[in-house]
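A structural walkthrough
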Amino acid sequence: MAAYGIDVDILIVGAGPAGLAAAVAAKEAGIDNLVILEREDHPGGILRQCIHNGFGLHRYNEELTGPEYAQRDIDRAEALGIDIRCGTTVLSVEADHTVTAVSTSRGLETYKAKAIILAMGCRERPRGALGIPGSRCAGIYTAGTAQKFVNLEGFMPGKKIVILGSGDIGLIMARRMTLQGAKVLACVELMPYSSGLKRNIVQCLDDYGIPLYLSHTVIDIEGGERLTGVTVAKVDEHRMPIPGSEIHFDCDTLLLSVGLIPENELSNQAGLEISPFTSGPVVNDVFESSVPGIFACGNVLHVHDLVDYVSQESTEAGKAAAEYIHRESFDGKNVQVMDGNGVRGTVPQKILLNEEKKVNLMFRPSGVFEKAQAVVMQGDTVLVKKRAQIFTPGEMVVIPLDTTKLSGEEPIRVSIEKV
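These remarks concern the structure in this document.

Definitions and limits used
- Residues numbered from 1 in each chain as written.
- Predicted model: local features only at pLDDT ≥ 70, side-chain atom pairs only at ≥ 80, totals over all residues.
- Heavy atoms only, no water.
- Helix = DSSP H or I, 4+ residues; strand = E, 2+ residues; numbered from the N terminus.
- Polar contact = N/O pair within 3.5 Å; in protein donor to acceptor, adjacent residues only side chain to side chain.
- Contact = heavy atoms within 4.5 Å.
- Pairing = 2+ DSSP bridges.
- Axes fitted to C-alpha atoms, helices over the stretch in contact; angles between N-to-C directions.
- Salt bridge = Lys/Arg side-chain N within 4 Å of Asp/Glu carboxyl O.
- Buried < 20%, exposed > 50% of the residue type's maximum accessible area, 1.4 Å probe, protein only.
- Core = buried A, V, L, I, M, F, W, Y, C linked by side-chain atoms within 4.5 Å.
- Phe/Tyr/Trp six-rings, centres within 6.5 Å; stacked < 30°, edge-to-face > 60°.
- Lys NZ or Arg CZ within 6 Å of the ring centre and 35° of its normal.
- Arc of directions from axis to C-beta.
- Patch = residues over 30% accessible without salt bridge, like charges linked within 9 Å, V, L, I, M, F, W, Y side chains within 5 Å.
- Areas by Shrake-Rupley, 256 points an atom, 1.4 Å probe, with all protein chains shown as cover.
- Right-handed = clockwise from strand over helix to strand, strands pointing away.

**Regarding the side chain of serine 257**
Secondary-structure assignment places serine 257 in the loop between strand 15 (253–256) and strand 16 (260–262). Reaching out from serine 257, the side chain makes a polar contact with the backbone nitrogen of glycine 170 at a distance of 3.1 Å. Excluding residues that lie within four positions of it along the chain, serine 257 makes contacts with Ala143, Ile163, Leu164, Gly165, Ser166, Gly167, Ile169 and Gly170.

As structure tokens, this is what we get:
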């Protein structure tokens, strides 16, 4: 039987690092009536299975494992008395701020919120999205699924591994599987550059002698009940396999690390405008979506390379949602932020002209650019520049912008130029 009329000030979907940081910020801003709904049985999100270190360098100035990083936010949320309802699946989010959820302990519930923060994170792109020919045998996993098997459930997916894609999870699993006694034969990347952090390429592949095949892809999968091998080929500039370049690997496991996609089903359901570049909601600099009072932060907004940035962004979203509760709206006109040459998926897509402030523009380069600079312009006026020896798609670029430099409502363009 459904419970109706559960009124809350702020409802947060997801108790990962984004949802927890947003909740803590909102609570500290004076919002007492807030609830987090979490699908899993424990808070912490994906960090629970990320037992490697490297988290927290920006936020805490120290190296933490994923569970250690998550626990700090969990402890803070518990100390503040924040209501985290685990084992609860959100079924729908409506534009009028009605949220329907179900759990085994409370049954079907309907919430009515003054503001909603979407913090559902992202999901991995599966094999079905790749169109790889071959049999549908056992032994093919996404890298995150394999990580969960090994780190949380104590199961080894296989002994002879090939990894398709060089995203950070795949790189980290190359090291993890090696340390667990498996043989990682190769990491294969379709693009001519890695999509992971440079430090992960060095620490997870180079340090263990695992070869990285750039501009290669899997063209065939072999096996009956279980995977027995894969065939890899070099690709041309059109990403088509080059005949005669085939390499065969005898293996029992193929891990897929071929990209992350924001969990945008609820965002679509609520009627939020979705960016074709990030696959997440279009937001302004206070992380409010196209539907007033619905905010988005973390990997549901755009896929981050560092959880520290997720927490920073989500803290701002939590503060903004609290301010929205007090104000009931945000005044001011929006300036559009547009992608220029070499830039893909700048967030935020709009800047609210309501006060003087600093806004972090975040984006991923569309390719590798050496000895270049990121340039933010409004019309013919250069607002800010950021130089770097190299820009790569695997590392997010963050550019602080002082809004006092803005003049009028003309769109802003972010580009990468050669120095």
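Don't stop here, the text continues.
**As for the sheet that holds strand 22 (residues 369–378)**
With mixed pairing, the 5 strands of this open sheet are ordered in space as 20-18-25-22-23. The open sheet has two edge strands, strand 20 (350–353) and strand 23 (381–391), and neither has a second partner. With direction set aside, neighbouring strand axes in the sheet form an average angle of 25°. Of the pairings in the sheet, the one linking strand 18 (residues 333–339) to strand 25 (residues 412–418) comprises 3 bridges and is parallel in character. Looking across to strand 25, one finds that aspartate 339 is bridged to valine 414.

**Remarks on the pattern of salt bridges**
Tallied over the entire structure, the rule returns 13 salt bridges. In this structure, the salt-bridge partner of glutamate 28 is arginine 76, at a minimum N-O distance of 2.6 Å. Here the residue glutamate 28 occupies a position in helix 1 (residues 17–28), and arginine 76 occupies one in helix 2 (residues 66–79), the gap between them amounting to 48 residues. Between glutamate 265 and arginine 123 there is a salt bridge, and its shortest N-O distance comes to 3.6 Å. You can see glutamate 265 sitting in helix 6 (residues 265–269) and its partner arginine 123 sitting in strand 7 (residues 122–124), a full 142 residues away along the chain. Given a relative accessible area of 30%, arginine 123 falls into the partly exposed group. Each of Arg123, Glu263 and Glu265 takes part in salt bridges that share partners, so that together they form one network.

**A closer look at the nonpolar core**
With 62 residues, the main nonpolar core has Ile10 and Leu118 as its most contacted residues. With 8 residues, the top contributor of residues to this core is helix 7 (residues 307–327). Residues in contact with isoleucine 10, not counting those within four places in the same chain, are Ala26, Ile31, Asn33, Leu34, Val35, Ala115, Ile117, Ala321, Ala322 and Ile325. Ranked by size, the runner-up nonpolar core spans 21 residues in total, among them Phe363, Phe369, Val397 and Ile416.

**With respect to the packing of aromatic side chains**
Here the structure, examined in full by the defined rule, presents 4 aromatic pairs. Arranged with centres 5.7 Å apart and planes meeting at 85°, the rings of tyrosine 141 and phenylalanine 149 form a pair that is edge-to-face. One residue, arginine 72, lies across the ring of tyrosine 60, its end atom 4.7 Å from the ring centre.

**Topic: the environment of asparagine 268**
Position of asparagine 268 among the secondary structure elements: in helix 6. Counting along the chain gives 24 residues from asparagine 268 to proline 292, while the straight-line C-alpha distance between them is 15 Å.

**Considerations on helix 5 (residues 198–205)**
All of the buried residues along helix 5 are Asn200, Ile201, Cys204 and Leu205. Down the axis of helix 5, the sector holding all buried residues measures 105°, keeping them to one side.

**A word on the pairing of strand 22**
Where a strand is regular, its side chains alternate between the two sheet faces. Burial within strand 22 is extensive, with 7 of its 10 residues counted as buried. Between strand 22 and the antiparallel strand that follows it, strand 23, lie 2 residues; glycine 379 among them carries a positive phi value of about 65°. Note that strand 22 and strand 25 share 7 bridges and pair antiparallel. When the bridges of strand 25 are listed, methionine 377 appears paired with arginine 413.

**Some remarks on unusual backbone geometry**
Between valine 347 and the following residue, proline 348, the backbone shows a cis peptide bond with an omega angle of 0°. Its place among the elements puts proline 348 in the loop between strand 19 (343–347) and strand 20. Although it is not a glycine, serine 215 sits at a positive phi angle of roughly 55°. Structurally, serine 215 can be placed in the loop between strand 11 (212–213) and strand 12 (216–223). Since its relative accessible area comes to 15%, serine 215 is described here as buried. Not every positive phi belongs to a glycine, and arginine 239 is a case in point at roughly 65°.

**Overview of the sheet that holds strand 21 (residues 358–365)**
Strand order in the open sheet formed by 3 strands is 19-21-24, with antiparallel pairing between adjacent strands. Each of the sheet's edge strands pairs with one partner strand only, and the pair in question is strand 19 and strand 24 (397–402). Averaged over all adjacent pairs, the angle separating strand axes in this sheet is 30°, with direction ignored. Pairing of strand 21 with strand 24 involves 6 bridges; the strand directions are antiparallel. From the neighbouring strand, valine 359 faces strand 24, where its bridge partner is leucine 401.

**Things to note about a nonpolar patch on the surface**
A contiguous nonpolar patch, built from Leu91, Val102 and Leu108 and spanning about 210 Å² of accessible area, is present on the exposed surface. For leucine 91, the position within the fold is in strand 4 (residues 88–93).

**Observations concerning the pairing of strand 2 (residues 34–37)**
What you see with strand 2 is no split at all: Leu34 and Ile36 on one side and Val35 and Leu37 on the other are buried throughout. Relative to strand 3 (residues 83–85), strand 2 runs parallel, the two being bridged by 3 bridges. Across the sheet, leucine 37 pairs through a bridge with arginine 85, a residue of strand 3. Handedness of the strand 2-helix 2-strand 3 crossover: right-handed.

Keep in mind these numbers describe shape, not what the thing actually does.
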